[in-house]
Amino acid sequence: MNTPHALILPFPAQGHIIPLMELSYCLIERGFHVTFINTQFNHERIFTEMLLPDQAKLIDGIHFMTIPDGLEQEEDRHNFGRLMTSLTTITPSFLEKLMKNNVAVKFTCFIADINMAWALSIAKNMGLRTAGFWPAAAGILAAMFQIPKLIQDGVIDEEDGAPKKKDVIQVIPRLSPMDTINLPWNCLSDAYTRKIIFNYFITNKQASSDAEMIICNSFEELEKPMFSEIPNILPVGPLLSTFQSREDPNLCQLWLEDKECMAWLNKQSTCSVIYVAFGSIAIFNNRQFEELALGLELTGQPFLWVVRPDLTNKSINAYPSGFEERVANRGRMIGWSPQQKVLKHPAIACFISHCGWNSTIEGVKNGVPFLCWPYFADQFFNQSYITKVWKVGLSLSLDENGLISKEEVGSKVEELLKDRDILAKSQALKKLAQKSAMEGGSSFDNLNKFASFLSDI
Ligand code: UDP
């Protein structure tokens, strides 16, 4: 039998690249060759951060290829309106060329992030097996499938998805009710970008029918009622492979990981450290940044805080006066962490998180209780899973000035760490997550099903 060769295309953002790298390792373990496509911009950034020469195109069995995202070098990749427009207008012809001109390797299947589902038809027309990967909660995909009904029922505007009325609605039966302002395309600041993103969602949702199968980074017990709402979906999460248990797995990080924080964690007591991280996109204004710093100080606990170089809208992340000196013996601020290893560490007590789906799954599979601080997109939805459905965390509340105050951070950390019920539920969910990903578990079996479907060429 010929060895199957998967060509894998993530949406060009950190929270999409990492789970697709994890999936790549799962497929390599099942006998696949894998070629992974990054945008030229991200590829250069990853290889510089990893201190690898650009010509190293094969790492841990994964071949890397690139396509342009169509933006100028200096443009902001967090301007999603610009990025999505250029991905659907400029990038497709380059992707087609990459697939067609590559005579040296024979790709047998194509796995696209559903957020890049527009690319599936290119692979389908070339006779490849096609599959989609959904990197968020299945509940969000199920909600996206409801867009036509939401328009028909007069809940959202057909042009830009804006809510016609502010309301808490039951988007789909058995899904916890959602505030219409928290529908994923509505959590964005300006109307112009929202319109582009809403229409990008619609395009991709329609194009997802070109995928013969869809997999998602979730598991049966986590979102049971959702999987029957989406045709041909298989939950395969949390994505686990032996590659990830290596000392230094390559997950295509866009920032240089601070590996020394692990030695620091080794020196902390069990269940004592508050881990604080807001993923790759969230941005704080200076006032809120200061309030968080002072809140962490108020907790009196050790903390590990990921302060990305671009976490605030200032060129330098400015801590409150004297803060760094006052917390020096128990707080550590780093630019980017090896998050999966951090969350697995026994010193971690809780996770102050923006509730991005990867962070959510990573916290769940390690049994770490959450303090939720959502920022945008699907994060409000994930927060409601964490706090209301699985009951493995608490939410932080805004004060009358629209800020999360230092007192709120201090008191909610205290409340969370005392809550035996949340801790017990976090541990129980961890067991279910691990069971599903291990041999004989539902996600493990689904991954095998997926791999044999793709190998059937
Ligand atoms: N991450 C990391 N180090 C950090 C912060 C985040 O490795 O310091 C990883 C994290 O493990 C997760 C991804 O970056 O896999 C962020 O994805 P998520 O969906 O949580 O958030 P997004 O960045 O998409 O908002």
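Since the model is a prediction, treat every value here as computed from it, not as a measurement.

(A) Structural context of the overall build of the protein. What the protein contains, in helices and strands, is 17 helices and 16 strands. Overall, the C-alpha framework of the protein stretches about 60 × 50 × 50 Å when taken along its three principal axes. Counting only residues that meet the buried cut, the protein has 60% of its 457 residues in that class. Excluding contacts between residues fewer than 6 apart, the proportion of contacts in the protein whose partners are at least 24 apart in sequence is 70%. Of the accessible surface of the protein, which amounts to about 18,900 Å², a share of 52% is contributed by carbon and sulfur atoms. Of the charged side chains in the protein, 42 are positive and 51 negative; the average position of the first set lies 4 Å away from that of the second.

(B) Layout of the site of the ligand. The immediate surroundings of the ligand are formed by 18 residues, with S280, S337, N358, S359 and E362 found nearest. Measuring from an oxygen atom of the ligand, one finds a side-chain N or O atom of N358 at 2.9 Å. Taking E362, its side chain carries an N or O atom lying 2.6 Å from an oxygen atom of the ligand. The fraction of the free accessible surface of the ligand (540 Å²) that becomes covered by protein chains is 95%. Elements with a minimum of two residues in the shell around the ligand: α1 (14–29) and α13 (357–365). Tallying contributions element by element places α13 first for the shell around the ligand, with four residues.

(C) Main features of the state of the cysteines. Going through the model one piece at a time under the given rule, you end up with zero disulfides. Considering cysteine sulfurs only, C350 is the nearest to C261, which forms no disulfide, with 16 Å between them. Here C261 falls in the buried class, since its relative accessible area comes to 0%. The structure places no disulfide on C355, whose sulfur is separated from the nearest cysteine sulfur, that of C372, by 3.6 Å.

(D) Up close: the packing of aromatic side chains. Under the defined criterion, the tally for this structure stands at 25 aromatic pairs. For the pair F36 and F64, a centre-to-centre distance of 6.0 Å together with 65° between the ring planes defines the contact as edge-to-face. Here F64 lies in strand β4 (residues 62–67) and F36 lies in strand β2 (residues 33–39), a separation of 28 residues in the sequence. Accessibility classification places F36 together with F64 in one group, the buried group. Plain terms: the ring middles of F47 and F64 are 5.8 Å apart, the flat faces sit at 80° to each other, and that makes the pair edge-to-face. Of this pair, F47 sits in helix α2 (residues 40–49) while F64 sits in strand β4, and the two are 17 residues apart along the sequence. Both residues of the pair, F47 and F64, belong to the buried class.

(E) Looking closely at the environment of A138. Topologically, A138 is positioned in helix α6 (residues 138–145). Note on A138: relative accessible area 0%, which makes it buried. Those residues within four positions of A138 in sequence are excluded, and the remaining contacts are C216, E223, M226, F227 and I230.

(F) Inspection of the pairing of β2 at higher detail. Among the seven residues in β2, six count as buried, and that is most of the element. With four bridges connecting them, strand β1 (residues 5–9) and β2 associate as parallel partners. Considered in β2, the bridge of H5 is made with H33. Read as a crossover between parallel neighbours, the route from β1 over α1 to β2 is right-handed.

(G) Up close: the sheet that holds strand β3 (residues 58–59). Taken together, the eight strands give an open sheet; going across it, the order is β3-β4-β2-β1-β5-β6-β9-β10, and neighbouring strands pair in mixed fashion. Pairing within the sheet leaves two strands with one partner each, and these edge strands are β3 and β10 (233–235). Judged from the four bridges that link them, strand β6 (residues 129–134) and strand β9 (residues 213–216) form a sheet pairing that is parallel. Note that in β9 the partner of A131 across the bridge is M213. The strands touched by helix α4 (residues 91–101) are β1, β2, β4 and β5 (109–113); relative to β4, the strand with the most contacts, the crossing angle is about 140°. Those strands touched by α6 are β6, β9 and β10, and its axis lies near 110° from that of β6.

Thresholds applied
- Residues numbered from 1 in each chain as written.
- Predicted model: local features only at pLDDT ≥ 70, side-chain atom pairs only at ≥ 80, totals over all residues.
- Heavy atoms only, no water.
- Helix = DSSP H or I, 4+ residues; strand = E, 2+ residues; numbered from the N terminus.
- Buried < 20%, exposed > 50% of the residue type's maximum accessible area, 1.4 Å probe, protein only.
- Contact = heavy atoms within 4.5 Å.
- Areas by Shrake-Rupley, 256 points an atom, 1.4 Å probe, with all protein chains shown as cover.
- Lys, Arg positive; Asp, Glu negative; His and termini not counted.
- Charge placed at Lys NZ, Arg CZ, Asp CG, Glu CD.
- Near = heavy atom within 4 Å.
- Polar contact = N/O pair within 3.5 Å; in protein donor to acceptor, adjacent residues only side chain to side chain.
- Disulfide = S-S within 2.5 Å.
- Phe/Tyr/Trp six-rings, centres within 6.5 Å; stacked < 30°, edge-to-face > 60°.
- Pairing = 2+ DSSP bridges.
- Right-handed = clockwise from strand over helix to strand, strands pointing away.
- Axes fitted to C-alpha atoms, helices over the stretch in contact; angles between N-to-C directions.

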